[in-house]
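Results of the structural survey
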Amino acid sequence: TAIVCAVLKAPQGIGEPSVYHAVVVIFLEFFAWGLLTTPMLTVLHQTFPQHTFLMNGLIHGVKGLLSFLSAPLIGALSDVWGRKSFLLLTVFFTCAPIPLMKISPWWYFAVISMSGVFAVTFSVIFAYVADITQEHERSTAYGLVSATFAASLVTSPAIGAYLSVAYGDTLVVILATAIALLDICFILVAVPESLPEKMRPASWGAPISWEQADPFASLRKVGQDSTVLLICITVFLSYLPEAGQYSSFFLYLRQVIGFSSETVAAFIAVVGILSILAQTVVLGILMRSIGNKNTILLGLGFQILQLAWYGFGSQPWMMWAAGAVAAMSSITFPAISAIVSRNADPDQQGVVQGMITGIRGLCNGLGPALYGFVFYLFHVELSDTDGSGKGAKPNMSAIIPGPPFLFGACSVLLSLLVALFIPEHTGPGMRPGAYKKHSNGAQSHSHSPQGSGAEGKEPLLEDSSV
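Presented here is an overview of the structure given in this document. In this text the structure is predicted, and so the values were computed from the model without any measurement. (Residues numbered from 1 in each chain as written. Predicted model: local features only at pLDDT ≥ 70, side-chain atom pairs only at ≥ 80, totals over all residues. Heavy atoms only, no water.)

Attention shifts here to the overall build of the chain. When helices and strands are counted, the chain shows 19 helices and zero strands. In the chain, which comprises 466 residues, the proportion classed as buried is 59%. Partitioning the contacts of the chain with sequence separation of at least 6, the portion at a separation of at least 24 is 84%. Of the roughly 18200 Å² of accessible surface on the chain, 69% is carried by carbon and sulfur atoms. (Helix = DSSP H or I, 4+ residues; strand = E, 2+ residues; numbered from the N terminus. Buried < 20%, exposed > 50% of the residue type's maximum accessible area, 1.4 Å probe, protein only. Contact = heavy atoms within 4.5 Å. Areas by Shrake-Rupley, 256 points an atom, 1.4 Å probe, with all protein chains shown as cover.)

Given below as structure tokens:
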């Protein structure tokens, strides 16, 4: 259905790039992974019966750190050679570990850690969307892509849990592998290139400088512009707890709160549906009514409330209520992506989104490891995997059932305080010199304007004062 919609909704048919092509790619990739939610929890505990939370955090931590190291290079290369080939590359390696789950669990966890080198699909997708949308359309388009991520998780965990109980985990893994292959075939056959030919170099031998491949280069550059620095600090402090939460929350629901596998799947579905509404309908209304910056602040406020509720909540109804708040907090990242991309030139969208994805990749490495370590300190272990949710309760404080979530709430509070100083731009007229290019690497080709003599000192985005 998603593929048919992409064909019908494309402006000039399947031959012209559209947001719907990006939507299908994201949907299929994460639908395949969503099917594996229940089997993955079982395999994780069987492979690491001791310190399950800690090992889960370390595995996702390695993957996240590798994504951080590779994101700038992938983004810069996509600016030079086009988006389609890198969409194919990132989707292939992100989904490569799926069939190994039943073949060899140890190889599965090893490959899933190493796949972080190319697990930066969102970076390329957001650059793809920026290529084909006008500035005033991007917040809505980014919201649609983010909502698709939520939509892919509405039914897939429930379907995976049902198939796992009825037919076994092997069938679920085969189905997920087939969907991943369908995604790859869709990119090969149906997804058109979004980067205009005139923005690409004349040959594939164009050099890429070390500065563009250096993951810490973008971190050094952000300090040259106050606006970018504030945005990146906001992203880091807000996404650090979110990344840790993604890596361990389903285990937490089953072990600490007592959710069954079916209830976990239903929880994901409900939060997914609410997130779709938040990132499509609500996001568009908020961006038009209160502006980009205030939308970010509102999303961060919801995230603080959500994490605090997770931390202090000990009853199932509290988790459901906090899940509804979590859906509203999902508007933050599309709003941040919009405020960043509208300050970038058309041929620099990959670098810009690569920078933000790099920050998120760093969080994907630190967040799961941090959560796993805090769970380990408070002796939260997984002792029940039969889906009943009736295993022995962990040894922890009765007042604070979820200590890592309270650490996360404090981090997001700091993020909110930083975001207060982000200047609110009203349009492109506010940034006459937006996103200066550098003279080295991919930006030195024929499509780049002739630079000045101080390219190395130019700010990443428009310089603005706080």
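All right, on to the packing of aromatic side chains then. Applying the stated rule across the entire model yields seven aromatic pairs. Consider the rings of Phe92 and Phe93, whose centres lie 5.1 Å apart with planes at 90 degrees: the pair is edge-to-face. With relative accessibility at 42%, the residue Phe92 sits in the partly exposed group. Through pairs of rings, three or more aromatic residues link up here, namely Phe92, Phe93 and Phe118. Across the ring face of Trp33, the terminal group of Lys63 is positioned such that the distance to the ring centre comes to 5.8 Å. (Phe/Tyr/Trp six-rings, centres within 6.5 Å; stacked < 30°, edge-to-face > 60°. Lys NZ or Arg CZ within 6 Å of the ring centre and 35° of its normal.)

The next subject is the packing of helix H9 (residues 138-167) against helix H10 (residues 169-189). Two elements in contact, H9 and H10, have axes whose closest approach is 7 Å; the angle formed by their N-to-C orientations is 135 degrees. With respect to H10, the axis of H9 lies oblique. For the pair H9 and H10, the contacting residues are Gly160, Leu163, Ser164 and Tyr167 in the first and Asp169, Leu171, Val172 and Leu175 in the second. Looking at the contact of H9 with H10, its residues break down into five nonpolar, two polar and one charged. (Axes fitted to C-alpha atoms, helices over the stretch in contact; angles between N-to-C directions. Parallel < 35°, antiparallel > 145°, perpendicular 65-115°, else oblique. Nonpolar A, V, L, I, M, F, W, Y, C, P; charged D, E, K, R; others polar.)

Glancing now at helix H5 (residues 84-95). Look at H5: 17 Å from first C-alpha to last across 12 residues, which is about the 16 Å you get at 1.5 Å a residue. Buried within H5 are the following residues: Phe86, Leu87, Thr90, Val91, Thr94 and Cys95. Down the axis of H5, the sector holding all buried residues measures 150 degrees, keeping them to one side. (Expected span 1.5 Å × (residues − 1). Arc of directions from axis to C-beta.)

This paragraph deals with the pattern of salt bridges. Inspection of every chain in the model, using the stated rule, returns one salt bridge. Between Arg83 and Asp131 there is a salt bridge, with the nearest N and O atoms lying 2.6 Å from each other. Residue Arg83 is found in the loop between helix H4 (52-81) and H5, and its partner Asp131 is found in helix H8 (residues 121-132); the two are separated by 48 residues along the sequence. On the basis of relative accessibility, which here comes to 0%, the residue Arg83 falls in the buried class. (Salt bridge = Lys/Arg side-chain N within 4 Å of Asp/Glu carboxyl O.)

The subject of this paragraph is helix H3 (residues 37-47). Taken across its 11 residues, H3 has nine buried, putting it largely inside the fold. All of the buried residues in H3 are Thr37, Thr38, Pro39, Leu41, Thr42, Val43, Leu44, His45 and Thr47.

Right, let's talk about the environment of Phe375 for a bit. Looking at where Phe375 falls in the secondary structure, it is placed in helix H18 (residues 349-377). Each C-alpha atom of the pair Phe375 and Thr52 lies 9.7 Å from the other, and the pair is 323 residues apart in sequence.

What follows concerns a nonpolar patch on the surface. On the surface, Val270, Ile273, Leu274, Leu277, Val281, Ile285 and Trp320 cluster together to form a nonpolar patch covering roughly 570 Å² of accessible area. For Leu274, the location among the structural elements is in helix H14 (residues 261-289). In this structure Leu274 comes out as partly exposed when scored by relative accessible area, which is 33%. (Patch = residues over 30% accessible without salt bridge, like charges linked within 9 Å, V, L, I, M, F, W, Y side chains within 5 Å.)

The next thing to look at is the side chain of Glu29. Along the chain, Glu29 turns up in helix H2 (residues 19-35). Lys63 provides the closest opposite charge to the buried, salt-bridge-free Glu29, at an N-O distance of 7.3 Å. In contact with Glu29, not counting residues within four places along its chain, are Val91, Thr94, Cys95, Thr121 and Asp183. (Lys, Arg positive; Asp, Glu negative; His and termini not counted.)

In this structure, Glu242 sits in helix H13 (residues 226-257). Glu242 gets classed as partly exposed once you look at its relative accessible area, which sits at 22%. Sequence separation between Glu242 and Leu307 is 65 residues; the distance between their C-alpha atoms is 9.0 Å.

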